[in-house]
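# Coordinate inspection notes
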Amino acid sequence: MEKLTLQLETFFPYRLAVAAEGFSRTLVDVYGREFGLSREEWRLLFLLAGEEKVTSRDLSRRSTLDRVQVSRASQRLEDKGLITRKVAPDDRRLRVYACTEQGRALFAEVLPQVEHRSSEILRAMSAEDRAALERGLDALTDAIGNRTGLPDTERDPLP
């Protein structure tokens, strides 16, 4: 059993997931505890704050959330008055989302604090390590996008 644990701890997908989860948890302290937003809500608000409107299909694709997660998080954001949701006029299966002024104001308040927390973590690394991490993430994203047979809709980089 010990050998399996050691294999898991050196297994790249596991290490990447642990690092991403740890980084994300430190950011939840800001937007979650201080502003009452879930990860899913923050992700949607982040995507909507800079856009006039976004369809449910685009939100799912760009947020890496499935349709159920988008639906639930968007309902909570709408209940809080931070976004609006409407049926798409040309396709009743889709919803069109937009950020309200209240949502944009909250985003403008939260974003600098999230960026500050993120910067604190990254400043704990050397400049060389940060540059290597950026190159590595770019290379990994490119490698994933260049896999043969991957539909174009899944090749778009995440925001």
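I will try to describe carefully the structure that is included in this document. (Residues numbered from 1 in each chain as written. Predicted model: local features only at pLDDT ≥ 70, side-chain atom pairs only at ≥ 80, totals over all residues. Heavy atoms only, no water.)

A few words on the overall build of the protein chain. Summing up its helical and strand segments, the protein chain has seven helices and three strands in all. When the elements of the protein chain are put in sequence order from the N terminus, they spell out α-α-α-β-α-α-β-β-α-α. When burial is assessed residue by residue, the protein chain has 27% of its 159 residues classed as buried. Of the contacts made within the protein chain by residues no fewer than 6 positions apart, 55% connect residues no fewer than 24 positions apart. (Helix = DSSP H or I, 4+ residues; strand = E, 2+ residues; numbered from the N terminus. Buried < 20%, exposed > 50% of the residue type's maximum accessible area, 1.4 Å probe, protein only. Contact = heavy atoms within 4.5 Å.)

Let us look at the side chain of Ser24. Checked against the element boundaries, Ser24 lands in helix α2 (residues 12-34). Look at Ser24 and you get buried, because its relative accessible area is 16%. Beyond its immediate stretch of four places on either side in the chain, Ser24 contacts Tyr31 and Arg39.

Leu37, Trp42, Leu45 and Leu59 are the most contacted members of the largest nonpolar core, which has 26 residues in total. Those elements that place two or more of their residues in this core are α2, α3 (39-49), α5 (67-79), β3 (91-99) and α6 (101-123). Looking at this core element by element, the count peaks at six residues for α3. (Core = buried A, V, L, I, M, F, W, Y, C linked by side-chain atoms within 4.5 Å.)

Let us look at the packing of α2 against α6. At a minimum axis separation of 10 Å, α2 and α6 run at an interaxial angle of 155°. On the basis of the axis angle, α2 is roughly antiparallel to α6. The element α2 and its partner α6 pack so that their crossing is right-handed. Side by side, α2 and α6 meet where Phe23, Thr26, Leu27, Asp29, Val30, Tyr31 and Glu34 of the first sit next to Val110, Gln113, Val114, Arg117, Ser118, Ile121 and Leu122 of the second. Class assignment of the residues belonging to the contact of α2 with α6 gives a composition of eight nonpolar, three polar and three charged. (Axes fitted to C-alpha atoms, helices over the stretch in contact; angles between N-to-C directions. Parallel < 35°, antiparallel > 145°, perpendicular 65-115°, else oblique. Left-handed = near helix turned anticlockwise from the far one by under 90°. Nonpolar A, V, L, I, M, F, W, Y, C, P; charged D, E, K, R; others polar.)

As a further point, take the side chain of Ser63. Its location among the elements puts Ser63 in helix α4 (residues 56-63). Residue class for Ser63 comes out buried when judged on its relative accessible area of 1%. At 2.5 Å, the side chain of Ser63 forms a polar contact with the backbone oxygen of Leu59. (Polar contact = N/O pair within 3.5 Å; in protein donor to acceptor, adjacent residues only side chain to side chain.)

Another aspect to go through is the pairing of strand β2 (residues 83-88). Bridge count between β2 and β3: six bridges; the pairing is antiparallel. In the strand pairing of β3, Ile83 is matched with Cys99. (Pairing = 2+ DSSP bridges.)

Two modes of strand pairing occur in sheets, parallel and antiparallel, and in both the strands are linked by backbone hydrogen bonds. If you trace the three strands from one edge of the open sheet to the other, you get β1-β3-β2, paired in antiparallel fashion. One side of each edge strand has no neighbouring strand; the edge strands of this open sheet are β1 (54-55) and β2. Direction of pairing for β1 relative to β3: antiparallel, over a ladder of two bridges. When the sheet's bridge partners are listed, Val54 is paired in β3 with Tyr97.

By themselves, these are just geometric observations and shouldn't be taken as functional.
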